[in-house]
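Understanding the architecture of this molecule
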Amino acid sequence: MSPIFFILVTLLLTSIIWSVIFLMAWFTLGKKSYALFWGGAFVLSACQWGTILLRPYFDSDTLYWMTGVSFSMGSVILGTCGHAIRARCPINLKYLLALAVITLAAVYYYKAINVHVGLFMSLYIYYDILLLLVNAVIIIKHKAKSLPAEVGAAITYTLCGICLFIAATIALMQGSQVNQTYLDLYTLINFITVPTAHVGMAVFIIFIMASDLAQEMQKLAITDVLTKCINRRGFYDIGQQKLEAHLSCKQHVSLIYWDIDSFKNINDEFGHAAGDEVLVQATQRIKACLQKEDIFARLGGEEFVILIARETELKAQKFADTLRETLASKPIACKKQCIDVTASFGVISIKCVNTPIDKAIDLADKALYIAKHEGKNKVAYAMPLN
């Protein structure tokens, strides 16, 4: 038996293993649809290698070739769909399928009707190369800062595409008839590139899924379960960095410390379930007023903190009044009851980049105490931190 036979058997077995791994990942990691697509891609890869191994059992060489080509293209299409879904990339599957059908028709034409060895051997590879490069772009462009696994996957896809381009071009250079020299070179490049890329892409995709899971766990660790705001730990982790970044950009920064007035009375009168609903709806109203870069955290109970940056100091200082008016504008509906909700706010302007975030919170808390003492549903301002 030739070495190529053993390479094909290895590719078949590894494709089956990878497909099982991705199907298990789909089932155990939240049934992410992209994991299912990647599992399907490796199922089709296994079918492709199985087709090549079963070549002697095909009655028609055209049927054999078209079957293998279809599995190859289908595998890359499913892989591309998986990456597009994960990256929320608005790729139009209709165009991919239309181009695939055109490519298959051209391959069939040059294989069965107007025979041209170079074209029927290379056209489908060029299609696969195009999608590999599309995958690389989707992976690396879908977020501002790519994960190491994403960089590795994009590089692997790109290198695989380059090597396959060389192999396809060599196959095309045969012309209409078989050229054994070119065919041997094509086979050599193909069977060096494909196993390496096959393993590399699978490993990096698994690494991407593991990185995604780690990010999700990290996000959960700093997220308040009830309100979906950042929690105390998250605010202390992120707040100092954001404070320094805003001040370095010459923006006017304010920290707003607030809590819901008479929250204990709400719990006593309407019940703790209603109290939780008040917290949820109150935070939703506040979130609707915030900008993308604002940080909103629940420190505990009915106490919240917001770090904002605005173009002018007046806008930054007066933003708390906007929040207070928004919250008090209408009652919160809960189980056919309407609950009047107000909040008191303590605000401090921060002008020094080295200001510790906990010191700013402490001073804003003291301002909040003044707002409570003055009758609640008030905004009080602390002396700026210069």
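What you see is a predicted model, and the numbers here were worked out from it, not measured in a lab. (Residues numbered from 1 in each chain as written. Predicted model: local features only at pLDDT ≥ 70, side-chain atom pairs only at ≥ 80, totals over all residues. Heavy atoms only, no water.)

1. What to know about the overall build of the protein chain
Worth spelling out the cut-off: Helix and strand labels come from DSSP, where a helix needs a run of H or I of at least four residues and a strand needs a run of E of at least two; each type is numbered from the N terminus. With a 1.4 Å probe rolled over the protein chains alone, any residue whose accessible area is under 20% of its type maximum counts as buried; one over 50% counts as exposed, and the rest are partly exposed. The contact rule is simple, with two residues in contact once any of their heavy atoms fall within 4.5 Å. All accessibility values rest on the Shrake-Rupley procedure with a 1.4 Å probe; residue burial counts only the protein chains present in the view. Only four residue types enter the tally: Lys and Arg on the positive side, Asp and Glu on the negative side; His and the chain ends are excluded. Every charge is mapped to an atom, namely NZ of Lys, CZ of Arg, CG of Asp or CD of Glu.
Of the regular secondary structure elements, the protein chain holds twelve helices and eight strands. For the C-alpha atoms alone, the extent of the protein chain along its principal axes is close to 95 × 45 × 35 Å. Evaluated residue by residue, the protein chain yields a buried proportion of 44% over its 386 residues. The contacts of the protein chain with a sequence gap of at least 6 include a subset with a gap of at least 24, amounting to 72%. For the protein chain, the accessible surface area stands at approximately 19700 Å², while carbon and sulfur atoms represent 64% of it. Taken as two groups, the 34 positive and 29 negative side-chain charges of the protein chain have centres that lie 3 Å from each other.

2. What about the pattern of salt bridges?
Selection criterion: Salt bridges are identified by distance alone: a Lys or Arg side-chain nitrogen within 4 Å of an Asp or Glu carboxyl oxygen.
In the structure shown here, the tally under the stated rule is 16 salt bridges. Between Glu325 and Arg324 there is a salt bridge whose closest N-O contact spans 3.9 Å. In this structure, the salt-bridge partner of Lys366 is Asp362, at a minimum N-O distance of 3.7 Å. In this pair, Lys366 and Asp362 both sit in helix 12 (residues 357-373), four residues apart, roughly one turn of the helix.

3. A word on the side chain of Arg298
Short version of the rule: Polar contacts, as used here, are pairs of N or O atoms within 3.5 Å; protein pairs need one atom able to donate a hydrogen and one able to accept it. Residues neighboring in sequence count only if both atoms are side-chain atoms.
Considering the arrangement of structural elements, one finds Arg298 in strand 3 (residues 295-300). A relative accessible area of 14% places Arg298 in the buried class. Within the structure, Arg298 has its side chain in polar contact with the side chain of Asp224 (distance 3.2 Å). Those residues in contact with Arg298 that sit more than four places away from it in its chain are Asp224, Leu226, Thr227, Cys229, Ile230, Asn231, Arg232, Leu279, Glu303 and Phe304.

4. Things to note about the packing of aromatic side chains
Defined as follows: Any Phe, Tyr or Trp ring, taking Trp's six-membered ring, that has another such ring centre within 6.5 Å forms a pair; planes under 30 degrees apart are called stacked, those over 60 apart edge-to-face, and the others tilted. Ring-over charges, as used throughout, are those where CZ of Arg or NZ of Lys falls within 6 Å of the ring centre and within 35 degrees of the ring normal.
Under the defined criterion, the tally for this structure stands at 17 aromatic pairs. Taken together, a centroid distance of 5.5 Å and an interplanar angle of 10 degrees make the contact between Phe22 and Phe42 stacked. With Phe22 in helix 1 (residues 3-28) and Phe42 in helix 2 (residues 33-53), this pair connects stretches of sequence that are 20 residues apart. The two residues Phe22 and Phe42 agree in class, both being buried. Ring centres of Phe296 and Phe304 lie 5.7 Å apart, and the angle between their planes is 40 degrees; this geometry places the pair in the tilted category. Grouping aromatic residues by their ring pairs yields a cluster made of Trp18, Phe22, Tyr34, Trp38 and Phe42. The ring centre of Phe319 lies 4.6 Å from the NZ or CZ of Arg310, which sits over that ring.

5. As for the sheet that holds strand 7 (residues 343-350)
We apply this condition: One bridge is not enough; two strands pair if DSSP finds at least two bridges between them.
Taken in spatial order, the six strands of this open sheet run 1-3-4-2-7-8, and their pairing is mixed. Strands at the two margins of the open sheet, each flanked by one partner only, are strand 1 (230-231) and strand 8 (379-381). Summarising the sheet, strand 7 and strand 8 pair through three bridges and their orientation is parallel. Counterpart to Gly346 in the pairing with strand 8 is Ala380.

6. Here's the deal with the pairing of strand 2 (residues 252-260)
Counting buried residues along strand 2, eight of its nine residues qualify, which places the element largely inside the surrounding structure. As judged from the eight bridges shared by strand 2 and strand 7, these two strands associate in the antiparallel manner. Across the sheet, Ile260 pairs through a bridge with Ala343, a residue of strand 7.

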